[in-house]
Every structure is written in C-alpha cells, then in structure tokens.
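Residue-level structure breakdown
This is what each chain is made of:
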Amino acid sequence: WTLWDSKIIFHCRMMLRMMNSLAFQRIVRGCLLPSSCLHSASVLPAAVSILPIRHGFVDSVGNTPLVRLQSLSDETGCDILVKNEYVNPGGSIKDRAALFLLKDAEEKGLLKEGGTVVEGTAGNTGIGLAHLCLAKGYKCVIYMPNNQSQSKVDALKMVGAEVHQVPVKPFSDEMNYNHQARRHAENLDNAVWTNQFDNVANRRAHVHTTGPEIWASTGGKVDAFTCATGTGGTLAGVGEFLKSKNENVKIVLADPPGSVLYRFYTSGVLERTGDGSVTEGIGQGRITANMENAPVDDAVYVPDEDSVSMVYRLLHEEGFCVGASSGLNVSAAVQVAKQLGPGHTIVTVIADNGGRYVSGLFNKEWLIEKGLYECIKPDQRPQ
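I will try to describe carefully the structure that is included in this document.

What counts as what
- Residues numbered from 1 in each chain as written.
- Predicted model: local features only at pLDDT ≥ 70, side-chain atom pairs only at ≥ 80, totals over all residues.
- Heavy atoms only, no water.
- Helix = DSSP H or I, 4+ residues; strand = E, 2+ residues; numbered from the N terminus.
- Buried < 20%, exposed > 50% of the residue type's maximum accessible area, 1.4 Å probe, protein only.
- Contact = heavy atoms within 4.5 Å.
- Expected span 1.5 Å × (residues − 1).
- Pairing = 2+ DSSP bridges.
- Axes fitted to C-alpha atoms, helices over the stretch in contact; angles between N-to-C directions.

1. A short note on the overall build of the protein chain
When its secondary structure is counted, the protein chain shows 14 helices and 10 strands. Burial analysis of the protein chain (383 residues in total) assigns 51% to the buried set. Restricting to contacts in the protein chain with at least 6 residues of sequence separation, those with at least 24 account for 67%.

2. Here's the deal with helix α10 (residues 233-245)
In this model, α10 (13 residues) spans 18 Å end to end at C-alpha, consistent with the 18 Å of a helix rising 1.5 Å per residue. Burial analysis of α10 places 10 of its 13 residues in the buried class, the great majority of the element. Within α10 the residues assigned to the buried category are Gly233, Thr234, Leu235, Ala236, Gly237, Val238, Gly239, Phe241, Leu242 and Lys243.

3. A short note on the sheet that holds strand β7 (residues 224-228)
The strand order across the open sheet built from six strands is β1-β2-β10-β7-β8-β9, with neighbouring strands paired in mixed fashion. Strands with a single pairing partner mark the edges of an open sheet, and in this sheet they are β1 (66-68) and β9 (298-301). Between one strand axis and the next, the sheet turns by 30° as a mean value, whatever way the strands run. Sheet analysis places β1 next to strand β2 (residues 79-84), joined by three bridges and oriented antiparallel. Each bridged residue has a counterpart across the sheet, and for Leu66 the counterpart in β2 is Lys83. Most of the contacts of α10 go to β7, to which it runs at about 170°, and overall it touches β7 and β8 (250-255).

4. Focus: unusual backbone geometry
Of note in the backbone geometry, Asn190 takes a positive phi value of approximately 50° without being a glycine. Take Asn190: it is sitting in the loop between α8 (177-186) and β6 (191-193). We classify Asn190 as partly exposed; its relative accessible area is 30%. Non-glycine residue Asn293 carries a positive phi angle of around 60°.

Here it is, written out as structure tokens:
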C-alpha cells in the first residue's frame with residue numbers, strides 16, 4: 001500500500017462525486033441538447049440513453065419498447081404492457097419470424113446467393129421477408145389470400161415482392177395459398193419455401209428474442225402473456241421462454257371469430273366459434289407445428305366488436321394507431337387483467353401499425369358495411 005495508491009483512490013472518489021453532481025449532469029445535457037432547450041427544464045431528459053449503432057436492416061430487428069398503456073392500466077388496476085412491434089424496420093412483429101426463417105434456410109444450405117424466397121402469407125411476414133430479401137440480395141415471391149387489405153398488397157409490391165393473390169381456400173384444399181407457394185418453390189432452382197406455419201424456426205425467433213426482451217424489461221415481474229395466433233410462433237415461443245423462467249406465468253391464447261383454437265384449448269375440440277372475422281392474419285382451422293405442445297394455460301374469445309372498439313380506444317386514449325389484431329390482443333389483455341384482479345402485470349403485443357388498414361378499418365363506410373360502426377364510442381367514431 002503506497003502513497004500513490006491513496007492518491008488514485010482519492011481522485012476516483014472525487015471523479016464519482018463530480019459525475020453524480022447536478023452541475024455535471026447539466027454540463028452533459030448541454031453538450032447533447034441544443035442551446036435553445038437549456039432554458040426549459042421540462043424538455044431535459046432525466047437521463048440520456050446511449051443506444052448502440054445497429055448494422056443494417058438485419059441488425060435492426062427486435063429490441064422493441066415495452067410500453068405501459070396508461071388508461072387501461074388505471075382502469076383495471078393492473079399494469080397492461082404492450083410490446084410495440086411496429087417499430088421493427090419492416091413495420092411488424094413478423095420481421096422477427098422472417099429473419100429466423102431466412103437464417104434457418106441459409107444454415108441448412110437451402111438458399112444460396114441470388115436465390116428466391118417463396119412464402120404464403122396474409123401480408124406482414126411477406127413484407128418482412130421482402131425487406132430482408134432486398135437487404136440480402138434474394139428475390140421474393142408471395143402467395144396470399146385475396147381477402148387481405150390492398151394496403152398490404154401495395155406495401156409488398158413497393159418493396160419488390162412478386163405477389164400472387166389467390167382465392168381463399170381451406171388448408172385441406174391443394175389450392176390453398178400455402179400449397180401454391182410450396183409448389184412454386186419446388187419448380188424453381190435455388191429457391192426455398194420458408195413455410196412460416198410449420199417451420200419452427202418461427203417459434204425459435206420468439207424463444208430467443210421476444211420472450212427474453214419481455215423478461216428483461218419487466219425484471220421478471222410478469223404474471224401473464226396473451227396474444228392471438230396465426231402461425232402460433234409468437235404465443236408458443238414467448239410462452240416457452242417465460243415458462244422456462246417462471247412456470248407460474250399464465251399463457252393465454254386470444255382467438256377471433258371463425259377460429260377453432262378457443263374451443264380446442266378450453267374444451268379439447270377443434271370446432272369454430274362464431275363466423276369469420278375482419279381481423280387479418282390470425283385465427284386458425286388447425287394446430288400448426290409451431291403450436292404443437294405450446295404451453296397454453298387458457299384461452300379467451302374476442303368478438304370483432306371488442307377488437308374494433310379497442311382499436312379506436314388505443315388511438316384516441318393512448319395515441320397508438322394499430323390494426324385489428326392488435327386491438328384484439330389488448331382486449332384479451334384487459335379480459336385477463338379482470339380475471340386475475342388488480343396488482344398483476346399482463347403483457348401483449350402491438351403487432352403492426354394501423355396505417356396498413358386505412359382503406360378498411362379506419363373508413364366509416366367500411367365499418368358501417370361490416371356492422372362495426374356502432375361498437376365504437378360515439379366521440380371516437382370516424383366521420
């Protein structure tokens with residue numbers, strides 16, 4: 001122990017005191033903010049978060065914010081948290097699945113430089129794949145049912161995808177859009193059908209990214225997770241990870257009209273509840289490979305009236321413009337919050353932005369035609 005050691009310790013202590021001082025924090029803020037901001041204390045951040053530089057589109061997928069919905073949390077006495085997935089670079093949660101589907105094909109040697117990626121999708125997975133294909137130098141071909149929003153079709157074409165809209169057929173029919181996508185890939189050289197419904201790389205995306213992000217953001221304080229399923233990757237993957245950390249976390253499937261999953265997880269039978277839904281890309285008529293052995297504890301049924309009403313509540317009360325599937329997810333979270341009672345933390349996802357549904361969901365005439373205009377609060381209805 002020398003005099004030199006004592007001097008080092010003394011100077012370290014002085015440095016720490018300076019860094020914790022209000023004056024030092026003001027100096028740092030002054031370096032980071034325009035001088036015009038320094039006269040207004042209200043605009044100064046309590047702390048400045050330095051985010052790492054991300055390398056290209058691929059590295060920008062994931063690490064989305066987890067947001068507390070203020071009005072609904074106050075209303076239920078629970079913390080209702082949403083993973084805001086429309087800040088992904090391709091605009092939806094499906095960027096995660098798309099990235100892992102491509103990585104899976106590359107790692108297996110199924111896709112080489114300049115190859116073609118083919119997928120059957122209701123829209124968002126295709127948009128994510130199309131972006132990633134541009135970033136990686138692949139071609140992208142999308143088959144989709146012809147009942148999807150024109151905004152999604154336009155978005156796919158805008159990012160270079162070759163789009164085939166085909167009549168709606170059940171999965172058991174060989175003309176179902178997924179089977180057509182598979183056959184298209186089989187007839188090409190250096191092409192892969194990514195098969196989002198039954199390729200469990202989709203589920204792994206959420207085991208390795210979405211689930212851990214939720215756990216980290218909440219500090220492990222999460223009581224329930226709920227969302228709707230199309231492929232099943234999000235619910236199954238997030239559920240798998242959260243259960244691995246705490247088996248008491250409740251995983252609740254949310255289901256729209258026309259799907260068989262609510263009855264399957266509550267009664268054990270594959271029977272549809274209600275007729276078709278205006279929601280896009282969710283609901284199922286079968287158990288996909290991604291949903292096999294998913295750790296589902298319960299299921300809630302969400303009619304379209306509740307989903308659409310919640311879309312407008314989120315817009316007018318929280319400022320979030322979202323699609324119908326996100327309205328369904330948040331409605332389900334409210335149901336779960338009421339079941340569990342005050343003091344719990346329920347997490348769900350905002351899957352994408354409502355801008356993709358302007359021609360339908362946010363159109364007065366469309367809502368009236370679908371019988372959904374009256375379910376919206378009078379002061380929140382589009383004019």
